[in-house]
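# Remarks on the overall topology
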Amino acid sequence: MELENLVVVGSGPAGWSAALYAARAALNPLVIEGALTPENQKRGTLPMGQLATTTEVENYPGFPVGALGGYLASALDEDRLAALPPEALGGNDEKISVFGGVLVELMRQQALNFGARVLDEDVLGVNFDKRPFELRISNETTIQAKASIIATGASVRWLGLPSEERFKNRGVSACAVCDGASPRFANRPVVVVGGGDSALEDAEYLAKFASRIFVVHRRDQLRASKILAERAAENPKIEFLWNRTVREILGNDEDGVTGVLLNDALSPEAPPFKVETSGVFVAIGRRPNVEFLDGALELVEGGFIKRPVPFRTNTSRPGVFVAGDVADDRYRQAIVAAASGACAALDAERFLVEEQ
Ligand code: NAP
């Protein structure tokens, strides 16, 4: 069994930025980037993270246009290139911002260019009680590491209704950007559940395709930022259904989703209210991807990894660092995740020097 200096777990902006910094610091990092499996697809924990499921990214500094598509086309293997939508490669079209999938591929390629090594496996379990640390990637293979950075991000939070499960991929989705352009929603009403930035961003995106968007929120005040709230309020296709919760998603085997039954959050005894819809987009926040840790690190409320020292990437276990959304219950931005990846690599480097 090889002893690794530094193993980075996760392959979103936090993971690649950590790998880039670590590679440039001659730490020879290994990135365990996750596996492309149906189970990961279902859980929403595919490699390259949430950014890869986004279309244009307008708020990552330094990418005013998606003009690096040409570079990627020359740098990537054919199968990786084929996984990106053609419009994502954007050429020099000044109207197109960089696509999320392109941005994260560029980050990966940059880390690889400096020598980061990659394993397309999932970490199934860890032992951080022992030094060196152990990260199990299969029944046969365990990787040993002197230090590790956990950057496994977050995934979709579902409502938890049986009818939601029944109609997943037949009208129920948690990714407007991935599924919104599907013909089933074209010029038909859709429902978005949630009152945060994700819900309003989804509603705005869906307004390109759907006839009407009902935003179902459990309170009468939005959690979303003012700018998104104002844009949604001004959009004639978007209508808010306040103080409502989803009781049941209606549909049948042939048509998938046909409607929703909503409860009145202020008087739960009141008869449910029915809305006809072709789809339900769930946007009620994210769940940090920590299952594989099985209690090896301390968590905070919401399941995010605890950072005991303010402004540091240390976890409850010396030598294990954290970056990105798996420890971020607040910002959830690619730029913040990338920055924290750099911090985690610098903290890991310092730890490794002090441990020599
Ligand atoms: P969020 O801010 O946590 O909002 C989740 C929303 O879902 C809240 O309105 C919440 O209601 C509602 N909710 C939670 N559980 C629910 C349940 N079981 N049933 C019904 N409603 C439920 O999550 P988010 O919108 O995904 O945003 C997460 C972070 O990412 C935020 O910091 C946000 O600013 C950031 N973000 C930024 C952008 C952007 O800048 N463009 C885009 C997306 C996300 P309550 O309000 O009642 O709690």
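It should be emphasised that the depicted structure is a prediction, and the values quoted were computed from it without experimental measurement. (Residues numbered from 1 in each chain as written. Predicted model: local features only at pLDDT ≥ 70, side-chain atom pairs only at ≥ 80, totals over all residues. Heavy atoms only, no water.)

### A look at the overall build of the chain
Within the chain one finds 10 helices and 19 strands. Here the C-alpha atoms of the chain give a radius of gyration of 21 Å, agreeing with the 21 Å that 2.2 N^0.38 yields for 356 residues. Expressed as lengths along the three principal axes of its C-alpha atoms, the size of the chain is roughly 65 × 50 × 40 Å. Relative to its 356 residues, the chain shows a buried fraction of 49%. In the chain, 64% of the contacts between residues at least 6 apart in sequence involve partners at least 24 apart. Split by element, the accessible area of the chain, about 17,900 Å² in all, is 49% carbon and sulfur. Distance between charge centroids for the chain: 4 Å, based on 37 positive and 48 negative side chains. (Helix = DSSP H or I, 4+ residues; strand = E, 2+ residues; numbered from the N terminus. Rg over C-alpha atoms; globule rule 2.2 N^0.38 Å. Buried < 20%, exposed > 50% of the residue type's maximum accessible area, 1.4 Å probe, protein only. Contact = heavy atoms within 4.5 Å. Areas by Shrake-Rupley, 256 points an atom, 1.4 Å probe, with all protein chains shown as cover. Lys, Arg positive; Asp, Glu negative; His and termini not counted. Charge placed at Lys NZ, Arg CZ, Asp CG, Glu CD.)

### Overview of the packing of helix α8 (residues 197-206) against helix α9 (residues 226-234)
For any two helices packed against each other, the geometry is given by the interaxial angle and the distance between the axes. Interhelical geometry of α8 versus α9 gives an angle of 35 degrees and a closest axis separation of 10 Å. Crossing of α8 against α9: the hand is left-handed. Taken together, the residues of α9 that come into contact with α8 (itself represented by D197, L200 and E204) are L228, A229, R231 and A232. Per-class residue counts for the contact of α8 with α9 are four nonpolar, no polar and three charged. (Axes fitted to C-alpha atoms, helices over the stretch in contact; angles between N-to-C directions. Left-handed = near helix turned anticlockwise from the far one by under 90°. Nonpolar A, V, L, I, M, F, W, Y, C, P; charged D, E, K, R; others polar.)

### Side note on helix α5 (residues 100-113)
If you check α5, its first and last C-alpha atoms are 20 Å apart, about what 14 residues at 1.5 Å a residue would give, namely 20 Å. Among the 14 residues of α5, 11 are classified as buried, and the element is accordingly described as predominantly covered. Taken residue by residue, α5 has G100, G101, V102, L103, V104, E105, L106, M107, R108, Q109 and A111 as its buried positions. For α5, the secondary structure elements touched by its buried residues are α1 (13-24), β3 (56-57), α3 (69-75), α4 (78-82), β4 (98-99) and β5 (117-119). Just past α5, the residue G115 takes up positive phi, approximately 105 degrees. (Expected span 1.5 Å × (residues − 1).)

### Comments concerning the sheet that holds strand β10 (residues 172-173)
Across the sheet, which stays open at both edges, the five strands sit in the order β10-β17-β11-β12-β13 with parallel pairing between neighbours. Two strands bound the open sheet, and with one partner strand each, they are β10 and β13 (238-241). Inspection of the sheet shows strand β11 (residues 189-193) paired to strand β17 (residues 280-282) by three bridges, in the parallel sense. Following the sheet pairing, V193 is matched in β17 by V282. Sheet contacts for α8: β11, β12 (212-216), β13 and β17; angle to β11, the most-contacted strand, approximately 165 degrees. (Pairing = 2+ DSSP bridges.)

### Thoughts on the pattern of salt bridges
By the definition in use, this model includes 13 salt bridges. K168 serves as the salt-bridge partner of E165, at 2.9 Å between the closest nitrogen and oxygen. Overall, E165 belongs to the partly exposed group, its relative accessible area being 41%. Linking R231 and E204 is a salt bridge whose minimum nitrogen-to-oxygen distance equals 3.1 Å. Highlighted residues: R231 in helix α9 and E204 in helix α8, separated in sequence by 27 residues. (Salt bridge = Lys/Arg side-chain N within 4 Å of Asp/Glu carboxyl O.)

### As for the site of the ligand
Looking at the ligand, there are 18 residues lining it, with D197, S198, E201, R223 and R330 nearest. A distance of 2.7 Å separates an oxygen atom of the ligand from a polar atom in the side chain of R219. Coverage of the ligand by the protein chains reaches 76% of its 910 Å² of free accessible surface. Built from parts of two domains, the shell around the ligand gets at least three residues from each of domain 1 (3-156 + 286-355) and domain 2 (162-282). (Near = heavy atom within 4 Å. Polar contact = N/O pair within 3.5 Å; in protein donor to acceptor, adjacent residues only side chain to side chain. Domains from an automatic or database assignment.)

### Some thoughts on the domain arrangement of the chain
The domain architecture assigned to the chain consists of domain 1 (3-156 + 286-355) and domain 2 (162-282). Listed as interface residues are seven residues of domain 1 and, on the opposing side, seven residues of domain 2. Buried surface at the junction of domain 1 and domain 2, summed over both partners, amounts to about 470 Å²; 55% is from carbon and sulfur atoms. Taken as a group, T53, T55 and V156 account for 63% of the area that domain 1 buries against domain 2, more than any other trio of residues on that side. The interface formed by domain 1 and domain 2 holds zero salt bridges in total. The residue makeup of the side of domain 1 that touches domain 2, split by class, is one nonpolar, three polar and three charged. (Buried area = accessible area lost by both parts, 1.4 Å probe.)

### Some points on the pairing of strand β15 (residues 256-264)
With eight of nine residues buried, β15 is to be regarded as a mostly interior element. The sheet contact formed by strand β14 (residues 244-252) and β15 spans eight bridges and is antiparallel. Looking at the pairing, T245 lines up with N263 of β15. Where β14 folds back onto β15 in an antiparallel hairpin, the turn is made up of three residues.

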